Amino acid sequence: MQVEPLKLGSYVINNRLILGTGGAMSHETIAESIAASGTELVTVAIRRIKPTGSGQSLYDMLRGLKVQILPNTAGCFTAKEAIITAELAREALETNVVKLEVIADDKTLLPQPLELIDAAEELVSRGFFVLAYTNDDPIFGRNLQSVGVSAVMPLGAPIGTGLGVRNPHNIALMRELVTIPLVLDAGIGTASDAALAMELGCDAVLAATSITRADSPAVMARAISLAIEAGYLAHRAGRVPKRHLALASTSDEGRADL
């Protein structure tokens, strides 16, 4: 079984690892991680980069590597801020696709749901393909879908914590309620976390800190990319049901009477 292409707004990707650039020590680290993982989609915080320059900017480097760039509204606390940032991204990067982040505070970096849904609804009305970072509430995920976002991106754990998928049940339930692409965003710590997210039914995984701040970012990028593929295949293969008691792998038929 091959990993099928995934459509996110107007982008189509074959590798289901989305690489975040936050926390990277250098542009070289990002370039090595892209090469090692084969990722085709990289996020950048539009408020923290210069989209044009002398050839040394993050934007220029990513363009040179021929990866698709997904701008995000990281650092926005209100719908108004996020909408303005998204419009700046559309003008600077010539894309209608945006990862929407509206956070509640600097300490937790958790989503601000009321501002988030207001921003999502307005950006959709302006012709954006919105990929919305949200909490792991399945009902709120369904609400985001109802206002027209192109993907729901629930956190596995708070941004940068590396705690993995803290509530697998909610992610699995969100998969049942949300029919558009579901991308696990935030909290990944290592490859097994990414595999679990995919086994729960996620369509892709966004990983930043787990890669950029690993001892060997390129090696971790490769490991997480392979784990995502393994989890994708495992989900589609269908796992055996969990049981309370043992079940013999062979039958009694033909057993010798001793």
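Please read these numbers as outputs of a predicted model, since none were measured by experiment.

Participant: So, the overall build of the protein: which residues are in play, and what are the values?
Facilitator: Tallying secondary structure elements over the protein gives nine helices and 10 strands in all. A globule of 258 residues ought to have a C-alpha radius of gyration of about 18 Å, and the protein, at 20 Å, matches this closely. Per-residue burial over the protein gives 48% buried out of 258 residues. For the protein, the share of sequence-separated contacts (at least 6 apart) that also reach a separation of at least 24 residues comes to 65%. Looking at the protein as shown, the accessible area adds up to about 12,900 Å², and 52% of this sits on carbon and sulfur atoms. Charge separation in the protein, taken as the distance between the mean sites of 22 positive and 28 negative side-chain charges, equals 1 Å.

Participant: Please provide a residue-by-residue account of the pairing of strand β5 (residues 68-72), values included.
Facilitator: Across the five residues that make up β5, a large majority, four, are buried. When strand β4 (residues 41-45) meets β5, the two strands line up parallel, connected through five bridges. The residue of β5 that forms the bridge with valine 44 is proline 71.

Participant: Account for helix α9 (residues 217-237), naming residues and giving values.
Facilitator: The end-to-end C-alpha separation of α9 is 30 Å, in line with the 30 Å expected for 21 residues at 1.5 Å each. A positive phi of about 85 degrees marks glycine 238, the residue just after α9.

Participant: With reference to specific residues and values, describe the layout of surface pockets.
Facilitator: By volume, the second largest pocket is sized at about 210 Å³. Considering the residues around the second largest pocket, the lining is formed by Leu196, Glu199, Leu200, Ala234, His235, Gly238, Arg239 and Lys242. Among the secondary structure elements, those contributing two or more residues to the lining of the second largest pocket are α7 (191-199) and α9. Here the lining of the second largest pocket is built from residues that sort into three nonpolar, two polar and three charged.

Participant: Account for the packing of helix α1 (residues 27-37) against α9, naming residues and giving values.
Facilitator: It is at 8 Å that the axes of α1 and α9 come closest, and there the two elements cross at 30 degrees. For the element pair α1 and α9, the recorded crossing hand is right-handed. Residues Thr29, Glu32, Ser33, Ala36 and Ser37 of α1 lie in contact with α9, whose contacting residues are Pro217, Ala218, Ala221, Arg222 and Ser225.

Participant: Break down the environment of isoleucine 159 for me, with residues and values.
Facilitator: Mapped onto the elements, isoleucine 159 comes out in the loop between β8 (151-154) and α6 (168-177). The partly exposed category is assigned to isoleucine 159, whose relative accessible area is 31%. The spacing of isoleucine 159 and leucine 110 is 49 residues in sequence and 7.7 Å in space, taken between C-alpha atoms. Sequence-distant contacts of isoleucine 159, that is, excluding residues within four places in its chain, are made with Glu101, Leu109, Tyr133 and Ala186.

Participant: Tell me about the packing of helix α5 (residues 138-146) against α6, and name the residues and values.
Facilitator: The packing of two helices is summarised by the inter-axis angle and the distance between the axes. The N-to-C vectors of α5 and α6 enclose an angle of 30 degrees; their axes lie 8 Å apart at closest approach. Like other packed secondary-structure pairs, α5 and α6 cross with a definite hand, here right-handed. Counted together, Pro138, Ile139, Gly141, Arg142 and Gln145 of α5 and Asn170, Leu173, Met174 and Leu177 of α6 form the full contact between these two elements. When grouped by side-chain class, the residues that make up the contact of α5 with α6 number five nonpolar, three polar and one charged.

Participant: Provide a residue-level description of the packing of aromatic side chains, including the pertinent values.
Facilitator: Within the structure shown, the criterion is met by zero aromatic pairs. Directly above the ring of tyrosine 232 sits arginine 236, whose terminal nitrogen or CZ lies 3.7 Å from the centroid.

Participant: Explain the pattern of salt bridges to me, using residue names and the numbers behind them.
Facilitator: The full count for this structure, using the stated rule, is seven salt bridges. Close ionic contact of lysine 99 with aspartate 185 constitutes a salt bridge, the shortest N to O distance being 2.9 Å. Of this pair, lysine 99 sits in strand β6 (residues 97-100) while aspartate 185 sits in strand β9 (residues 183-185), and the two are 86 residues apart along the sequence. Across this residue pair, the class does not change: lysine 99 and aspartate 185 are buried. Taken together, the shared-partner salt bridges in this structure form one network comprising Glu87, Arg90, Glu122 and Arg126.

Participant: Talk me through the nonpolar core; I want residue IDs and the actual numbers.
Facilitator: Counting residues in hydrophobic clusters, the biggest one holds 61 residues, and the most contacted among them are Leu62, Leu100, Val130, Leu144, Val149 and Ile224. Beyond its immediate chain neighbours, meaning those up to four positions away, leucine 100 contacts Thr73, Ala82, Leu116, Ala119, Ala120, Leu123, Val130, Leu131, Ala132 and Tyr133.

Definitions and limits used
Residues numbered from 1 in each chain as written. Predicted model: local features only at pLDDT ≥ 70, side-chain atom pairs only at ≥ 80, totals over all residues. Heavy atoms only, no water. Helix = DSSP H or I, 4+ residues; strand = E, 2+ residues; numbered from the N terminus. Rg over C-alpha atoms; globule rule 2.2 N^0.38 Å. Buried < 20%, exposed > 50% of the residue type's maximum accessible area, 1.4 Å probe, protein only. Contact = heavy atoms within 4.5 Å. Areas by Shrake-Rupley, 256 points an atom, 1.4 Å probe, with all protein chains shown as cover. Lys, Arg positive; Asp, Glu negative; His and termini not counted. Charge placed at Lys NZ, Arg CZ, Asp CG, Glu CD. Pairing = 2+ DSSP bridges. Expected span 1.5 Å × (residues − 1). 1 Å grid on protein atoms, 1.4 Å probe; cavity = no way out; pocket = protein on both sides within 12 Å on 5 of 7 lines; lining within 4 Å. Points joined across faces, edges and corners; volume = space filled by probe spheres on them. Nonpolar A, V, L, I, M, F, W, Y, C, P; charged D, E, K, R; others polar. Axes fitted to C-alpha atoms, helices over the stretch in contact; angles between N-to-C directions. Left-handed = near helix turned anticlockwise from the far one by under 90°. Phe/Tyr/Trp six-rings, centres within 6.5 Å; stacked < 30°, edge-to-face > 60°. Lys NZ or Arg CZ within 6 Å of the ring centre and 35° of its normal. Salt bridge = Lys/Arg side-chain N within 4 Å of Asp/Glu carboxyl O. Core = buried A, V, L, I, M, F, W, Y, C linked by side-chain atoms within 4.5 Å.

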